[in-house]
Amino acid sequence: SDWSSDVCSSDLSLPAARVGVAYSVSLSASGGVPGPGYVWAMVAGSLPNGLKFDVTGTLSGTPTVAGTFGGLVFYVGDHNGWSAKATLSLTVSPAN
């Protein structure tokens, strides 16, 4: 696992997106103390225009620009103070 503590992710890759096509992916984690739930954040990197990432771990929207967006650092924490980070990349392909 790329996670560095008791909290770990079960999916450390982002499926490719396509310009103009609605996209929604939920990152998942395990371990730690879930309690009321994990809190997610993107702490580094820039998402392509049209996409957003929320505290539930969901990356969603409709991308408007193609390219490879690397260095996206996602943080997850539980209510007990355990946390972890993973660095992912997202490829957005051009519209057909």
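Values in this document were obtained by computation on a predicted structure and should not be read as measured data.

What counts, and at which threshold
- Residues numbered from 1 in each chain as written.
- Predicted model: local features only at pLDDT ≥ 70, side-chain atom pairs only at ≥ 80, totals over all residues.
- Heavy atoms only, no water.
- Helix = DSSP H or I, 4+ residues; strand = E, 2+ residues; numbered from the N terminus.
- Buried < 20%, exposed > 50% of the residue type's maximum accessible area, 1.4 Å probe, protein only.
- Polar contact = N/O pair within 3.5 Å; in protein donor to acceptor, adjacent residues only side chain to side chain.
- Pairing = 2+ DSSP bridges.
- Axes fitted to C-alpha atoms, helices over the stretch in contact; angles between N-to-C directions.
- Phe/Tyr/Trp six-rings, centres within 6.5 Å; stacked < 30°, edge-to-face > 60°.

Trainee: Just checking my understanding: could you explain the environment of Trp82 for this structure?
Mentor: Examined against the element boundaries, Trp82 turns out to sit in the loop between strand E8 (67-77) and strand E9 (83-93). Judged by relative accessible area, Trp82 falls into the partly exposed class, the value being 37%.

Trainee: Explain the environment of Asn96 here, please?
Mentor: Position of Asn96 among the secondary structure elements: in the segment after E9. Residues Asn96 and Val19, spaced 77 residues apart in sequence, show a C-alpha to C-alpha distance of 8.6 Å. Within polar-contact distance, the side chain of Asn96 engages the side chain of Arg18 at 3.1 Å.

Trainee: Hey, could you run me through the sheet that holds strand E3 (residues 23-26) in this one?
Mentor: Two orientations exist for strands paired in a sheet by backbone hydrogen bonds: parallel and antiparallel. Reading across the sheet, the 3 strands line up as E3-E7-E6 and stay open at both edges, with antiparallel pairing between neighbours. The two strands at the open ends of the sheet, each matched to only one other strand, are E3 and strand E6 (51-53). Across the sheet, the axes of successive neighbouring strands diverge by a mean angle of 15°, strand direction being ignored. Here E6 runs beside strand E7 (residues 58-61); their pairing, made up of 3 bridges, is antiparallel. If you follow Leu51 over to E7, its bridge partner there is Gly61.

Trainee: I keep staring at the packing of aromatic side chains and nothing clicks. Help me out?
Mentor: Note on aromatic pairs: each is described by the distance of the centres and the angle between the planes. Counted by the stated rule, this structure contains 2 aromatic pairs. Both rings, one in Trp40 and one in Phe53, keep their centres 6.4 Å apart while their planes meet at 85°; by these two values the pair is edge-to-face. In this pair, Trp40 is assigned in strand E5 (residues 39-44) and Phe53 in strand E6, connecting sequence segments 13 residues apart. Both residues of the pair, Trp40 and Phe53, count as buried. Among the aromatic side chains, those forming a connected cluster through ring pairs are Trp40, Phe53 and Phe74.

Trainee: How should the side chain of Thr58 be read in this particular structure?
Mentor: Tracing the backbone through its elements, the reader meets Thr58 in strand E7. By relative accessible area, Thr58 is classed as buried at 16%. Side chain to side chain, Thr58 and Thr56 meet in a polar contact 3.3 Å long.

Trainee: I'm lost on the sheet that holds strand E2 (residues 17-18) in this one. Help?
Mentor: The strand order across the open sheet formed by 4 strands is E2-E9-E8-E5, and the pairing between neighbours is mixed. Either end of the sheet is taken by a strand with one partner, and the two such strands are E2 and E5. Bridging between E5 and E8 involves 5 bridges; their strand directions are antiparallel. Within the sheet, the bridge partner assigned to Val39 lies in E8 and is Gly77.

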